[in-house]
Every structure is written in structure tokens, then in C-alpha cells.
Amino acid sequence: FARMFVQVCLYFYCKCLWRCLKFVVRKLTGRCELQRICYNTKPGAARTMKIEASLKGSKSKRLQTSVSVHPDAIEKTIDDIMELKRINPDVNPQLGVSLQACLLQIVGYRNLIAEVEKLRREPYDSENPQHEEMLLKLWKCLKPNSPLKARISKQWCEIGFQGDDPKTDFRGMGLLGLYNLLYFAEWDTEIAQQVLSDSLQPKYREVTKKELSQFSKAEWEKKKFDKAIGYSFAIVGINITDLAYNLLVSGALKTHFYNVAPEAPTLTHFQQTFCYLMHEFHKFWIEEDPLDIMEFNRVREKFHKRILKQLQNPEMALCPHFAASESLMNM
């Protein structure tokens, strides 16, 4: 109880002290916190995240709710902020422009989460012509020279589904998994086909004396056929969709999106990020050289931590131009 009491007192002390410091700095500089952030921080994640934190931490309810307004109400919201902060827009024209850009990103990120969540919650419906069309299109993009003999077929295993009917594999991520896989196959076809081919065709490599001393003969028999042991392309794609979804919902992707989206991040930005993660996971899988597919969760978790660490850098943009990695084509 004593420890809790001390923590509560410390919290209120720091909060009051922080407000006092802000008041003093405003009097000394003649600028409020929002002005100081916009004038002293370059555009991008660093600025937008500071603006977001400042608005959420304000004692004014109007400022707190400004991060969750409808996109159409952003201009009026900025007028309200300028009025509340007693800032003359004619004297500070750039402030309104900077705030608008930041709010578009902040509100857009929240809306993107809602859009992605809606797709994740929508189950695949084999009775829905649009769903079926997307699934068949996925096959055509990945296997253009191999016609699908039947809707229910063992051929689906060739692109990494678990059974004769792919619809059962979309349960975890719903339509979001299919949307991402199709975007990857359609938007970056050459790389998607290369990754699929690599996942199906393990590559033999010679054993070294050092490796022989580390593994038993039985372990080496499992390992020797691949610098990247094969995996199920579609299932891994759905799993990486889950990883991207969690990065989005946790807020970790704010750094990336606020740096690459000049205004509101869209579903396309999310799908491009998924494609990047598929590229990078494929390379990471090869680097990790797992003993067998049972190591997938370990490799995935390690990959997840690597991406999180990268996103801690406020200047990080995972795929600023989304250029397909040429190195994949040479693997």
C-alpha cells in the first residue's frame, strides 16, 4: 500500500511539475507546445507522434478528442485548436498546414485499423462470387502455366495451403489473409513466384567439417537439403498477415506509416508493408537455417523482434519506395 501511495503521489507531482514547466516555457518562448513541435521538428513520424502525444496528454477535452475526429472535420478541428490556444492563423499560417498533415496521419491510422479489422473479421465465404474470384485469381497469378483442374483440389497444396479447400486456412485472419496474398501475387508477381518456388524446392548444400561436428547424422539428413528448408507459402503468408496486423494494432507501425504516408495511411500502404515483410521473412528464414519446420515459431518470433527494434527508430521507413529486392531473384 505504501509503495502504491508513493507511486500515485509521484505521478501527480510529475504531472503538475510538467504542466508548470510547459507554462514557463510558453511564457519564455511565446509559443505553445504544439507550435514548438511544429517549428522545431521536421515532418514525419517524429513530429506526428509528438503532436499526437501532446494532444492526448492535454487537459482540454477538445484537444484530447481531436485525434479521433472524422477526416472531414479536421479543418474545423484545427480552427478550434488555434482558437483554444489563442494562436493567430494569419501570423502562423504554416502551423495550420503542419497540424493538418499530422492530424490526417493520426486519424488515418485509426481508420486504417478499423478497415483492417473489418477485413480480418469477415470470414471467407465460398458462396460469395467475389471471394471465389479472388481465390482463383491468386492461383492464376502464382501458377499461370498450371490450370486449376477443380475448385476442390489437392493442387492447392502446391501454393502452400494445407488441404483441398483453402477456405479453411483463412479462419484466423479472415479475408485479410486473402487480400494480402493476392496483392503480393498481383502487385509483385515475379518476386512472389520466386519466393513460392524457393519454398517448394530446397537447395542442396555441401556439409562442412564444423557442421558435421555440431549435428548427428540423422539431424544432418534433415538439414543438408536446404539452406532454407521448405515451408508452406500460403500458410506463412497468412501468418505474416497476423504479424503485420499485430504491428498495426499495437501502434508499432506508426513510425513507418507516418514517414511514408504524406497524409492518411491507406489499406494499400498496409498491403505494401505486408509484401515487404514477406520479402524480409523469406531472407531471414534462409539466414536462420532452421533444422525443420517445427522451428517456425522461433524464427517468426525472432523476426518479429527485429522488426520491432527497427520501428523504434523515429526515422525508420520499412519500405519507403517499395522496390522489390533484387537479391531474392539471385537466391
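For every chain, the first residue of its written sequence is number 1, and the numbers climb from 1 along that sequence. Restriction of local features to residues with pLDDT of at least 70 applies here, the model being predicted, together with a cutoff of 80 or more for giving and counting side-chain atom pairs; totals for whole chains, interfaces and linings are based on all residues. Based on all heavy atoms of the structure, the side-chain values leave hydrogens and waters out of the count.

1. What to know about the packing of aromatic side chains
Thinking step 1. Aromatic rings from Phe, Tyr and Trp, with only the six-membered ring used for Trp, were paired whenever their centres fell within 6.5 Å, and each pair was classed as stacked if the ring planes differed by under 30 degrees, edge-to-face if by over 60, and tilted otherwise. Counted by the stated rule, this structure contains 15 aromatic pairs.
Thinking step 2. Plain terms: the ring middles of Phe 184 and Phe 274 are 6.3 Å apart, the flat faces sit at 90° to each other, and that makes the pair edge-to-face. With Phe 184 in helix H8 (residues 174–187) and Phe 274 in helix H14 (residues 267–288), the pair connects residues that are 90 residues apart, well separated along the chain. For the pair Phe 184 and Phe 274, a shared accessibility class is recorded, and that class is buried. Each helix is a run of H or I in the DSSP string that is no shorter than four residues. Each strand is a run of E no shorter than two, and both are numbered from the N terminus. Here's how the labels work: a residue is buried when its accessible area is under 20% of the maximum for its type, exposed when over 50%, partly exposed in between, all with a 1.4 Å probe on protein chains only.

2. Focus on the side chain of Arg 300
Thinking step 1. Take Arg 300: it is sitting in helix H15 (residues 296–311).
Thinking step 2. Its relative accessible area of 12% is what places Arg 300 among the buried residues.
Thinking step 3. We call two residues in contact whenever any of their non-hydrogen atoms come within 4.5 Å of each other. Once residues within four sequence positions are removed from consideration, Arg 300 is found in contact with Asn 239, Asp 242, Leu 243 and Phe 281.

3. Side note on the packing of helix H12 (residues 233–250) against H14
Thinking step 1. Axes here refer to lines fitted to C-alpha atoms; in helices the fit is confined to the stretch in contact. Angles between the N-to-C directions go from 0 to 180 degrees. One way to put it is that H12 packs onto H14 with a least axis distance of 10 Å and a crossing angle of 125°. In terms of orientation, H12 lies oblique with respect to H14. The interaxial crossing formed by H12 with H14 has right-handed handedness. Contacts between H12 and H14 involve Phe 233, Val 236, Gly 237, Ile 240, Thr 241, Leu 243, Ala 244, Tyr 245, Leu 247 and Leu 248 on the former and, on the latter, Phe 270, Phe 274, Leu 277, Met 278 and Phe 281.
Thinking step 2. Partitioning the contact of H12 with H14 into residue classes produces 13 nonpolar, 2 polar and no charged. Should an angle fall under 35 degrees it is called roughly parallel, over 145 degrees roughly antiparallel, and 65 to 115 degrees roughly perpendicular, with every other angle called oblique. Each crossing gets its hand from how the near helix is turned against the far one by less than a right angle, where anticlockwise is left-handed and clockwise is right-handed. Lys, Arg, Asp and Glu make up the charged group, whereas Ala, Val, Leu, Ile, Met, Phe, Trp, Tyr, Cys and Pro make up the nonpolar group; the residues left over, Gly among them, are polar.

4. Section: helix H7 (residues 129–142)
Thinking step 1. Taking 1.5 Å as the rise per residue, H7 with 14 residues should run 20 Å; its terminal C-alpha atoms sit 20 Å apart, in good agreement.
Thinking step 2. Considered for burial, the residues of H7 that qualify are His 131, Glu 132, Met 134, Leu 135, Leu 138, Trp 139, Cys 141 and Leu 142.
Thinking step 3. Polar contact is the term for a pair of N or O atoms within 3.5 Å; when the atoms are in protein, one must be able to donate a hydrogen and the other to accept it, and sequence-neighboring residues count only if both atoms are side-chain atoms. One side-chain oxygen of the residue at the start of H7 lies 2.9 Å from the amide nitrogen of Gln 130, identifying that residue as Asn 128. In this scheme, a helix's expected span is set at 1.5 Å multiplied by one less than its residue total.

5. Notes on the state of the cysteines
Thinking step 1. Note that a disulfide, as used here, is simply two cysteine sulfur atoms within 2.5 Å. Tallying each qualifying case throughout the model produces 0 disulfides.
Thinking step 2. Cys 275 supplies the cysteine sulfur nearest to Cys 319, a cysteine that is in no disulfide, at a spacing of 8.4 Å.

Note that all results are geometric; they support no functional claim without further evidence.
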